[in-house]
Amino acid sequence: QSILALAAMIAGLCAAAVPAGAAFPATASSAKRANVLLITIDTLRFDRIGFHSPEHVKTPSIDAFARGSVAFFHAYAHNPLTRPSHTNIMTGTVPPYHGVSDNPGFRLEPKFLTLAEHLKAAGYETGAFIGAFVLDSRFGLDQGFDTYDDSHGQAEIVARRAEEVVTPGIDWISARKGPWFCWLHLFDPHDPYTPPEPFRSAYADDPYSGEVAYVDSQLARVFAALEKSGAKSNTVVVLTADHGEALGEKEEQYHGFFAYDSVLHVPLFISAPGLSPAVVADDVGYVDIFPTICGLLGLPAPAWLQGESLVPLAAGRGRRSEAIYFESLSPHFFLDAAPLRGFIRNGRKFIDQPVAEVYDLAEDPAEEANLASASDLSALRKALEDLRKRFKGPGTTQDLDARGRESEAMLKSLGYVA
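For every chain, the first residue of its written sequence is number 1, and the numbers climb from 1 along that sequence. Restriction of local features to residues with pLDDT of at least 70 applies here, the model being predicted, together with a cutoff of 80 or more for giving and counting side-chain atom pairs; totals for whole chains, interfaces and linings are based on all residues. Excluding hydrogens and water, the side-chain values take into account all heavy atoms of the structure.

Right, let's talk about the overall build of the protein for a bit. Runs of H or I in DSSP of at least four residues are treated as helices and runs of E of at least two as strands, each being numbered from the N terminus. Assigned secondary structure in the protein consists of 14 helices and 13 strands. In the protein, the proportion of contacts linking residues at least 24 apart, taken out of those at least 6 apart, comes to 69%. Per-residue accessibility takes into account occlusion by the displayed protein chains alone, with areas from the Shrake-Rupley method and a 1.4 Å probe. Of the roughly 16,900 Å² that the protein leaves accessible, carbon and sulfur atoms contribute 54%. Any two residues whose heavy atoms approach within 4.5 Å at even a single point are treated as in contact.

Before going further, it helps to spend a moment on the packing of helix α2 (residues 60–67) against helix α8 (residues 207–229). Following both chains from N to C, one finds α2 and α8 inclined at 50°, their axes separated by 7 Å at the closest point. When the axis of α2 is compared with that of α8, the two are oblique. Where α2 approaches α8, its residues Pro60, Ser61, Ile62 and Phe65 are matched on the opposing element by Asp216, Leu219, Ala220 and Phe223. All residues other than Ala, Val, Leu, Ile, Met, Phe, Trp, Tyr, Cys, Pro, Asp, Glu, Lys and Arg, Gly among them, are scored as polar; the first ten of these are nonpolar and the last four charged. Per-class residue counts for the contact of α2 with α8 are six nonpolar, one polar and one charged. In this description, a line fitted to the C-alpha atoms serves as the axis of each element, helices being fitted only across the stretch in contact, and the angle between N-to-C directions of two axes falls anywhere from 0 to 180 degrees. The scheme is simple: roughly parallel for angles under 35 degrees, roughly antiparallel for over 145, roughly perpendicular for 65 to 115, oblique for anything else.

Turning our attention to the pairing of strand β5 (residues 180–186). Three exposure classes are used, based on accessible area relative to the maximum for each residue type with a 1.4 Å probe and protein chains only: buried under 20%, partly exposed in between, and exposed over 50%. A large share of β5 lies buried, amounting to seven of its seven residues. Residue alternation in β5 divides its side chains into two sets, Trp180, Cys182, Leu184 and Leu186 and Phe181, Trp183 and His185, and both sets are buried. Two strands are said to pair when DSSP picks up at least two bridges between them. Alignment of strand β3 (residues 125–129) against β5, held across five bridges, turns out to be parallel. Note on β5: the bridge partner recorded for Glu125 is Trp180.

Let's shift gears to the nonpolar core. Put simply, a nonpolar core is a bunch of buried Ala, Val, Leu, Ile, Met, Phe, Trp, Tyr and Cys residues held in one set by side-chain atoms that sit within 4.5 Å of each other. One finds Leu37, Phe181, Trp183 and Leu219 to be the most contacted residues of the largest nonpolar core, which totals 103 residues. One finds Tyr325, Phe343, Phe350 and Leu387 within the second-largest nonpolar core, a separate group that totals 13 residues.

Below, the discussion takes up the sheet that holds strand β10 (residues 324–328). With antiparallel pairing, four strands are arranged side by side in an open sheet as β10-β11-β12-β13. With partners counted over all chains shown, the strands left at the sheet margins are β10 and β13 (357–360), one partner each. When strand polarity is set aside, the average angle formed by the axes of neighbouring strands in this sheet is 15°. Inspection of the sheet shows β10 paired to strand β11 (residues 340–345) by five bridges, in the antiparallel sense. Bridging across to β11, Tyr325 finds its partner in Phe343. Sitting on the sheet, helix α13 (residues 377–391) touches β10, β11, β12 (348–352) and β13, and the angle it makes with β11 is about 95°.

Nonpolar side chains (Val, Leu, Ile, Met, Phe, Trp, Tyr) within 5 Å and like charges within 9 Å form the patches, drawn only from residues with over 30% relative accessible area and no salt bridge. Criterion for a salt bridge: a side-chain nitrogen of Lys or Arg within 4 Å of a carboxyl oxygen of Asp or Glu. Together, Phe257, Phe258 and Leu335 make up a nonpolar patch on the protein surface, roughly 280 Å² of accessible area in all. Among the structural elements, Leu335 can be located in helix α12 (residues 330–335).

Here we take up helix α3 (residues 82–91). Buried residues dominate α3, accounting for 10 of its 10 residues. All of the buried residues in α3 are Thr82, Arg83, Pro84, Ser85, His86, Thr87, Asn88, Ile89, Met90 and Thr91. Two residues or fewer past α3, Gly92 is found with a positive phi of approximately 65°.

Summed over the entire model, instances satisfying the criterion amount to 19 salt bridges. Two residues, Asp146 and Lys120, come together in a salt bridge whose shortest N-O distance is 2.3 Å. You can see Asp146 sitting in the loop between β3 and β4 (147–149) and its partner Lys120 sitting in helix α5 (residues 115–121), a full 26 residues away along the chain. Between Arg176 and Glu125 there is a salt bridge whose closest N-O contact spans 3.0 Å. In this pair, Arg176 sits in the loop between α6 (162–174) and β5 while Glu125 sits in strand β3, placing the two residues 51 residues apart along the sequence. Taking relative accessible area as the criterion, Arg176 reaches 23% and is therefore assigned partly exposed. Judged by its relative accessible area of 31%, Glu125 is partly exposed. Connected via shared salt-bridge partners are Arg45, Asp47, Arg48 and Glu249.

Take a look at the structure:
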């Protein structure tokens, strides 16, 4: 334990000495490190995983994986939109730092280090297999990937089925000798909900859940391939969603406007060699994924990351110290609505807008009892402003007139332009 503690201290000192935007060189032990598989399921609600709530949909593949993983019961997205959420995951920072706050008009600039770049510098082969145009390589998340398979060569292709992502993903993994980092992005639960058979018939009254069941069936192929190849025992697997879906709750049908838990509360499961299954009740966020992967691989984490390694929490040690920042700014950019920002800390949620909202998520998970009138809103607003100042970074160049250049027809078909 003393040796491990010394190694952790040295890693921390090394990380602190590296400037923003730099990557770490590969080391002699890189080839012995575990592989990394990141699975992001688009628009997946927390309660549409059977492991969490079996009343809606059967997800046997995800459930089996979850039972052997560390399950984070209170994981949160920082945005209710696909491109910002994946930027948060890949950079380990939030929008006040990297500047990507919406889908249309925003792209990640090369000056920001991504998880793929960090792992590539450590000797990893990197591949990404993307389900929808909103994450097309032109928007910057291809940084650091040897292979970035978005398959949107034809203008009319805006999204593809999970099997069209999983198949090339499995082929790519099977051809690697390791270590490798693979990202699978599965878009199917996003509207419109049109699951293939037999899921369409089985979930005729709930096609959204049918899409989730279909994705689960495709993930069975991924897990089986890992098992068959022998890579399972030497692979870190992170499974999560970029955001949820309101499904009519709080007068929101889809996502991208409000910031209630129907769109921010997401599933998060992490398995790794030597990591025992556990349940973690602390509030955690997407910015924690990057430093957690570094911790599991024995890699130093870049000093500017805004999350914390969840490895101690997984082992039942310590608490996550920082508040979870969130925002939903698309209505502000394009509909002249007030900015919507807030934070979650110790089970309390503050939504800052002209009519402020405060919720005790432990006692009121449906967010029905607004406690703002009994709260110190001045203190909460100051805490939010302090949080934004701590997270502020170089940002990115915004082009809020870029809808046409991003192909208006594609974005309309995905529901991002109306």
